[in-house]
Structures are given as structure tokens and as C-alpha cells.
Amino acid sequence: MKRQNVKIGLFGYGVVGQGLHDVLNESKGFHADIKRICVKHRNKKRRLPMHYFTWDKQDILDDPEINLVVELIDDAEEAFDIVSTALSQEKNVVTANKKMVAEHLDELIRIQEKNNVSLLYEGAVCGAIPIIRNLEEYYDNELLYSLRGIFNGSTNYILSKMFNENRDYEEALHEAQKLGFAESDPWLDVSGTDANYKLSIIMEHAYGLYIRPENIFHLGITNINSQDMQFAREKGYRIKLVPYAGRVGKNELTGFVLPRFLTADKKLFTVENEYNGVVVEAAFAEKQFFYGKGAGGHPTGSAVLSDISANSFFYAYEYKKRKQNLGLSYTTDVILEVYFRYQDKKDMDLLDFDKITESYTGPEYSYRIGKIHLQELFEKREDILNKDVSVINTGFKPEKR
Ligand code: HSE
């Protein structure tokens, strides 16, 4: 198999950049040189000699010897500028920037095709779990019914600590930040936005449809309180943030990110702390479960290394499902079943349920469980966020209305 020597220009030297550096150093079977590293802060103490570092992106983009740009910075718009420029200058790129990929995927695919270059981003989705490559290469001819999972390590870490150790939300979040799991703006994690970006990327590779993140309903874990935890404990459930993409009816696809109750017989029930998991339901392979670390420098660095190595063998995503043109369209016209907890009586009718199947009114809190239109959740998202209420998916399979 043909292979090229890789000379890397690295953007960013934070948690993942340093993780990649460690992983590259330890790797016995693969060698790639990092030639320059472009960073933002001039005065930070660095683990490498200063001659590696630059503050000028052109030092990498204009260097003809650098044949691979590895982009690991925080700022998604700056990242898009770097990545699109590098691809247009016929340099291949590896990135772990989910926001940048999710927000610009259509354009990034076009730029790759136009310039005959490759952009790989396994590290952007579920850390060390090789889900994108599997969707591209293993499930390329599979009819996929659904994908769901735990795509965000920080929220899973926080929920695990709150649930198992009765820890406080703020304290658990602070720990996730200290451990390098959380985004520099942790709202992206706890609001479900990060999981939403990852779901958008997964939907492209699983179904060949690019759904912009803002068109996918997402609700994070910020409204979950100790009463929800108590409710879950009494029933033997755990609460996790679970993105879902799946087929409804014949030719439609739906997707959303919601906290979800999980019973002990479910694979995702066992996924704790910063671990991620992906459950794939396929027509022929049937149910499969991927499990691994979803955040942190070394796990994400290992996914980036795998992309760098794949790039040295001239690997590029073919976007096979997009090319197969499966004739699917995206819909939010589906019915879910949710638990809705409220404190204040006047919030009782905040959500317009299609059908209420269980209702409880108590001195501490009250709840309703019932069927609801996904579009209704979209419309009430801001109200939900601003009130002392929570919405948790019971896990009932979404149905066409
Ligand atoms: N903040 C992300 C998470 C990092 O917690 O999963 C990995 O994408």
C-alpha cells in the first residue's frame, strides 16, 4: 500500500494538541513530524522548545514542506478560516473541531471535492470511539434504523457524579473542567449543543443528510435537579443525555438531543463518567454497541493520530451515503414520550401534550408523563430553559404523527 511521509503543521496546543503530541511520541509503529505549531498566546510556558511555535498562521499555510494541517483550536470560525484555506491550497487537514465541522459540513465537502483533498475528523465525535470511520467503511451498505448514544463526556461525568455520589452540579462541572473534558465555554456541553453538533455530523455519515445543528432539537442537562434524580432512583433508572437519530415511516429521518431515562437492561445505562457509547441498530448487523472514552487529551489525541495515519495512506471520506442518495427527508413531525417535572402549579400546562398517561401532584414537585409532538418541544424550548421544570425522554421509540 502506498504511503506518504507526513509533515504536520499544528494549530493549537491545548488539551488535545498536547495529548496528540504525547500519543505521537509514544507510538511505535507510526512516525510523523510536527514541524510548526501555531498558538494564540505568546507568553504561555510550553513543553517544547520555542522554535516550534509561531503566532502567524501563514508560517504553516505557506510552508510547502507541510503536507498536513492538524487543526485543534477552540474558535470555530477561526478554525473554519484555517481549514478552508488549507484545503483550498491543496493541503490535507485533520481536525477535532465538531462545531466547525457541524456548522460548515456542506461547504467543507464541496471544498474537498473541488480541490481533491481530504478532511478527516474522527476526533470530533465521541473521542476515541471510531464511529465515523465505521459508518463510512463498515456500514456503507447497511440500512441503519437508528443511532443513539452518549456523545458528551462532560455531561455524562456530571450526571454520574450527581447520581452515584450525590455530588453537587457545580462541583461536578468544575471537576470536568479541571480534567480537561469540558469545552472552554462549558455551556456548550451542559446545554446539549456539543452533543447536537456531533449528532449532525453522525447523521451525514449514517444517512447522507446534512441537517444543520439549529434544525435539530436539543435540550441539555441544566434543568435536571435532585427531584428528577430521586424519581429515577426510585424507578431503578439512570438519567443520561442521549442524542438520537432514526428513521420514521418509510422515507423520513428524525433527530434530537434530550436527557433520557435508561433502564438497567440498556447498554447506555452502564456508560459512566467521561465514557461515551454509541448504539447502532441496523437491518442486517442488528444491534451493535461501541464504548470508549469520549473526552480528554489522550483519547481524543488517539483518534487524531489514527486520522493522521489514515491520511498518510491517502484515506479520504467518500460520503458514501450521500452519494447513494437514499431518498430520505428530515422531519420533526414525530411524537415522543416525555416526563415533564414542574414545581410551580402555574407551569403545569406549559407543554401541550397529545396524551397524558401518568400524572402526579405532590408537595415537593409534580410531574406528567405523556406523548408530545417534537415540534411542541422546539416551540417551548426557551420557556423550558427559563423555568424550574425538566423534560426527560422516556425512551419510547419516536413515531410519525
Ligand atoms: N467537551 C467535550 C465532551 C469534549 O465533554 O465530550 C469532547 O468532544
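Residues numbered from 1 in each chain as written. Predicted model: local features only at pLDDT ≥ 70, side-chain atom pairs only at ≥ 80, totals over all residues. Heavy atoms only, no water.

Visitor: How would you summarise helix H3 (residues 76–88) if you had to cite specific residues and measurements?
Guide: Under the 1.5 Å per step criterion, the end-to-end length of H3 is 18 Å for 13 residues, consistent within 8% with the ideal 18 Å. Within the span of H3, buried status applies to Ala76, Ala79, Phe80, Ile82, Val83, Ser84, Ala86 and Leu87. Tucked inside the fold, the buried residues of H3 contact strand E1 (7–11), helix H2 (58–61), strand E4 (68–71), strand E5 (92–95), helix H4 (98–115) and strand E6 (119–120). The distance from a side-chain oxygen at the start of H3 to the backbone nitrogen of glutamate 77 is 3.0 Å, and the residue carrying that oxygen is aspartate 75. Looking one or two places after H3, you find glutamate 90, whose phi comes out positive at around 65°. (Helix = DSSP H or I, 4+ residues; strand = E, 2+ residues; numbered from the N terminus. Expected span 1.5 Å × (residues − 1). Buried < 20%, exposed > 50% of the residue type's maximum accessible area, 1.4 Å probe, protein only. Contact = heavy atoms within 4.5 Å. Polar contact = N/O pair within 3.5 Å; in protein donor to acceptor, adjacent residues only side chain to side chain.)

Visitor: Now, about unusual backbone geometry: what can you tell me, with residues and values included?
Guide: In this structure, glutamate 90 takes a positive phi of about 65° despite not being glycine. Relative to the helices and strands, glutamate 90 resides in the loop between H3 and E5. Take glutamate 90: its relative accessible area is 58%, and that puts it in the exposed class. Residue asparagine 273 is not a glycine yet carries a positive backbone phi of 55°. Inspection of the secondary structure puts asparagine 273 in the loop between strand E10 (252–262) and strand E11 (275–282). Residue classification places asparagine 273 among the partly exposed positions, given a relative accessible area of 26%.

Visitor: So what about the packing of helix H6 (residues 153–165) against helix H10 (residues 226–235)? Which residues, and what values?
Guide: Running from N to C, H6 and H10 cross one another at 65°; their axes reach a closest spacing of 10 Å. Accordingly, the angle class assigned to the pair H6 and H10 is roughly perpendicular. Crossing of H6 over H10 shows right-handed handedness. Every residue of H10 that contacts H6 at Leu159, Met162 and Phe163 is listed here: Met229, Ala232 and Arg233. Broken down by class, the residue content of the contact of H6 with H10 amounts to five nonpolar, no polar and one charged. (Axes fitted to C-alpha atoms, helices over the stretch in contact; angles between N-to-C directions. Parallel < 35°, antiparallel > 145°, perpendicular 65-115°, else oblique. Left-handed = near helix turned anticlockwise from the far one by under 90°. Nonpolar A, V, L, I, M, F, W, Y, C, P; charged D, E, K, R; others polar.)

Visitor: Explain the site of the ligand to me, and be specific about the residues and the numbers.
Guide: Surrounding the ligand, one finds Lys98, Asn152, Gly153, Ser154, Phe181, Ala182, Glu183, Asp189, Asp194, Lys198, Gly294 and Ala295. Take lysine 98: an N or O atom from its side chain is 2.7 Å from an oxygen atom of the ligand. Taking phenylalanine 181, its main chain carries an N or O atom lying 2.7 Å from a nitrogen atom of the ligand. Protein contact buries 93% of the 260 Å² of open area that the ligand shows by itself. Elements supplying a minimum of two residues to the shell around the ligand: H6 and helix H9 (193–207). The residue inventory of the shell around the ligand, partitioned by class, reads three nonpolar, four polar and five charged. (Near = heavy atom within 4 Å. Areas by Shrake-Rupley, 256 points an atom, 1.4 Å probe, with all protein chains shown as cover.)

Visitor: Lay out the nonpolar core in plain terms, naming residues and giving numbers.
Guide: Residues Ile8, Val70, Tyr121, Ile131 and Ile308 are the most contacted members of the largest nonpolar core, which totals 103 residues. There are two domains that each give this core at least three residues, and those are domain 1 (7–132 + 299–323) and domain 2 (136–292 + 327–400). Excluding residues within four positions of it along the chain, isoleucine 8 makes contact with Leu24, Ala32, Asp33, Ile34, Lys35, Arg36, Ile66, Leu68, Val70 and Ile308. Within the second largest apolar cluster, 20 residues are counted, among which are Val334, Leu351, Ile372 and Val389. (Core = buried A, V, L, I, M, F, W, Y, C linked by side-chain atoms within 4.5 Å. Domains from an automatic or database assignment.)

Visitor: How would you sum up the domain arrangement of the protein? Please name residues and give values.
Guide: Looking at the protein, the domain boundaries give domain 1 (7–132 + 299–323) and domain 2 (136–292 + 327–400). A separation of 30 Å is found between the C-alpha centroids of domain 1 and domain 2. Domain 1 puts 25 residues into the contact, and the matching count from domain 2 is 32 residues. Put simply, domain 1 and domain 2 have five salt bridges between them. Put simply, aspartate 194 and lysine 98 hold a salt bridge, and the shortest N to O gap is 2.9 Å. Remark: the boundary between domain 1 and domain 2 carries 17 residue pairs in polar contact (both at pLDDT 80 or more). Those elements that provide at least two residues to the side of domain 1 that touches domain 2 are H4, helix H5 (131–137) and helix H12 (320–324). Per-element tally for the side of domain 1 that touches domain 2: the top contributor is H4, with nine residues. The residue makeup of the side of domain 1 that touches domain 2, split by class, is 15 nonpolar, one polar and nine charged. (Salt bridge = Lys/Arg side-chain N within 4 Å of Asp/Glu carboxyl O.)

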